[in-house]
Amino acid sequence: MNVLWPSDPAELWPDQVPTDLLELPVLAQRCGVRQVLAKAENQRALGSFKSLGGMYAGLRALSRRTGAASLTQLRAACAASSAPLRLVCASDGNHGLAVAAAAHHVGIAARVFLPAAVAEARAARIRALGAEIARVQGDYEDAVLQAEAFAARGEGLLIADTGSDPHDPVIADVLAGYGLLARELRAQCAQAPTHVYVQAGVGVLATALAEGLHDWLRAPARLVVVEPDNAACVGHGLRVGHPQRIAGDLATVAGMLSCGQAAGVALASLQRHGARAMRVDETGLSQAPAAVNAAGGPDSTPSGAAGVAGLLHAAVDPELRRAHGLNNDSVVLVVITEAALVESAETC
């Protein structure tokens, strides 16, 4: 049996260098902790960490389908396929861009299901890679259902980054792609952090960090999953013990986190590693990018800076501060998950 290509997400960009790990002393002082470290995923290809998951999973799914074990073989197999190949996914923007990039990389089509509220500027970036956009009159969960139905009819190969099956091989590849971020962090940090505040979405990024860092973090070794008040699906899933769609319209200024049901693989791992979930209101999410920028960090969005919003909220709330074990000796890691690309045009 051929080895799937790529066997490691680092193979996608052989000349890549790790994204920067920035120290933000102004933010540390404001939060009453010793150090705040920010992983600058705004520097990643396509402008977000999602490129690690969607591209990697898309190409490996094609490798499984065709038997190709290298990029050259994969391109040739896609060109010679008797039935045209197409990648399919649902997205709020960044995952769709990554899947479109995977399809573009090997010269095939892609179809991305986007909720109606996703900004046209994000859709335009996906179209620029040759993908077709299917607008969905509903939220992200409705887009997921339509993408699944489309793929189930044989219209394309589904590259999902969420689902209830904890053993889905495509979602496992998305998770493995994000794992490169954890590997970089372990090499970059002079001292292991005590806390990680990471934005949720469906919880797969948080899972990659839980899996990759749990045996390395220093006491009290807290991993806190940060969610918008209106889209707190991971916290809900952790409480009920399984993926379950939450009620409501999911509207939030952090549009890339507008998800109504956690991924099964995420809940299983986050429960195993004792992760905690917390909610942040729209004001806190809206103010987080400015707080990052004022502290010398990169321009980002409410979605990209949501981990910082969580840290800021916990740092000033005495009850949360005690519960999270934050003190003046804490070393806190946050992830700036996307660049400030189109958020000003968001409508959700």
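So, here is what we can say about the structure in this document. Predicted model only: the values in this text are computed from it and were never measured. Each chain has its residues counted from 1, following the order in which its sequence is written. Local features in this predicted model are restricted to residues whose pLDDT is 70 or higher, and side-chain atom pairs enter the listing and the counts only when it is 80 or higher, whereas totals over whole chains, interfaces and linings include all residues. Just so you know, side-chain values use all the structure's heavy atoms and leave hydrogens and water out.

## As for helix H6 (residues 140-152)
An α-helical turn contains 3.6 residues, so a residue and the one three or four places further along point in the same direction. Put simply, the test is: A run of DSSP states H or I qualifies as a helix once it reaches four residues; a run of E qualifies as a strand once it reaches two. Both are numbered from the N-terminal end. Given the number of residues in a helix, its expected span is that number minus one, multiplied by 1.5 Å. Burial classes follow relative accessibility: with a 1.4 Å probe on protein chains only, a residue under 20% of its type's maximum area counts as buried, one over 50% as exposed, and anything between as partly exposed. What qualifies as a polar contact is a pair of N or O atoms within 3.5 Å, subject to a donor-acceptor requirement within protein and to the restriction that residues adjacent in sequence count only when both atoms come from side chains.
The end-to-end C-alpha distance of H6 is 18 Å, a good match for the 18 Å that 13 residues give at a rise of 1.5 Å each. Buried within H6 we find Tyr140, Glu141, Ala143, Val144, Ala147, Phe150 and Ala151. Between a side-chain oxygen at the N-terminus of H6 and the backbone nitrogen of glutamate 141 the separation is 3.1 Å; the capping residue is aspartate 139. Looking one or two residues past H6, glycine 154 carries a phi angle of roughly 85 degrees, positive in sign.

## Structural notes on the sheet that holds strand E9 (residues 276-280)
Which entries qualify depends on this criterion: Here a strand pair is declared whenever DSSP counts at least two bridges between the two strands. Orientation is described by axes fitted as lines to C-alpha atoms, over the contacting stretch for helices, and by angles from 0 to 180 degrees between their N-to-C directions.
Pairing is mixed in the open sheet, where six strands are placed in the order E1-E2-E10-E7-E8-E9. Among the strands making up the open sheet, the edge pair consists of strand E1 (21-23) and E9. Adjacent strand axes in the sheet meet at a mean angle of 25 degrees when their direction is disregarded.

## With respect to the sheet that holds strand E5 (residues 132-136)
Adjacent strands of a sheet pair through backbone hydrogen bonds, lying either parallel or antiparallel. The line we're drawing: Whether two residues are in contact is decided by their heavy atoms: any pair within 4.5 Å suffices.
Strands sit in the order E5-E4-E3-E6 across an open sheet of four strands; the sheet is parallel. Whereas interior strands pair on both sides, the edge strands pair on one side only; in this sheet they are E5 and strand E6 (157-158). Inspection of the sheet shows strand E4 (residues 109-115) paired to E5 by five bridges, in the parallel sense. Among the inter-strand pairings, arginine 111 is bridged to a residue of E5, identified as glutamate 132. Its contacts with the sheet put H6 on strand E3 (86-90), E4, E5 and E6, and the angle it makes with E3 is roughly 155 degrees.

## Observations regarding empty space enclosed by the protein
Operational definition: For each structure, a 1 Å grid was placed over the protein atoms alone; sets of points admitting a 1.4 Å probe that cannot get out are labelled cavities, open sets with protein on both sides within 12 Å along at least five of seven lines are labelled pockets, and lining residues have an atom within 4 Å of a point. Grid points are joined across faces, edges and corners, and a volume is the space filled by probe spheres set on the points. In this classification, Asp, Glu, Lys and Arg are treated as charged, Ala, Val, Leu, Ile, Met, Phe, Trp, Tyr, Cys and Pro as nonpolar, and every other residue, Gly included, as polar.
Applying the stated criterion to the full structure yields three cavities of 30 Å³ or more. In this model, the largest cavity occupies a volume close to 290 Å³. What lines the largest cavity is a set of 24 residues, among which Phe49, Lys50, Gly201, Met256 and Leu257 lie closest to the centre. Residue assignment for the lining of the largest cavity shows that the elements contributing at least two residues are helix H4 (94-106) and helix H8 (204-213). Partitioned by chemical class, the residues of the lining of the largest cavity number ten nonpolar, ten polar and four charged. In this structure, the second largest cavity occupies an estimated 60 Å³ of space. As for the second largest cavity, its lining consists of Cys89, Ala90, Tyr140, Val144, Ala147, Glu148, Leu158, Ile159, Ala160, Asp161 and Thr162. When residues of the lining of the second largest cavity are assigned to their parent elements, the largest contribution, four residues, is made by H6. For the lining of the second largest cavity, a count of residues per class yields eight nonpolar, one polar and two charged.

Distances and angles like these do not, on their own, reveal function.
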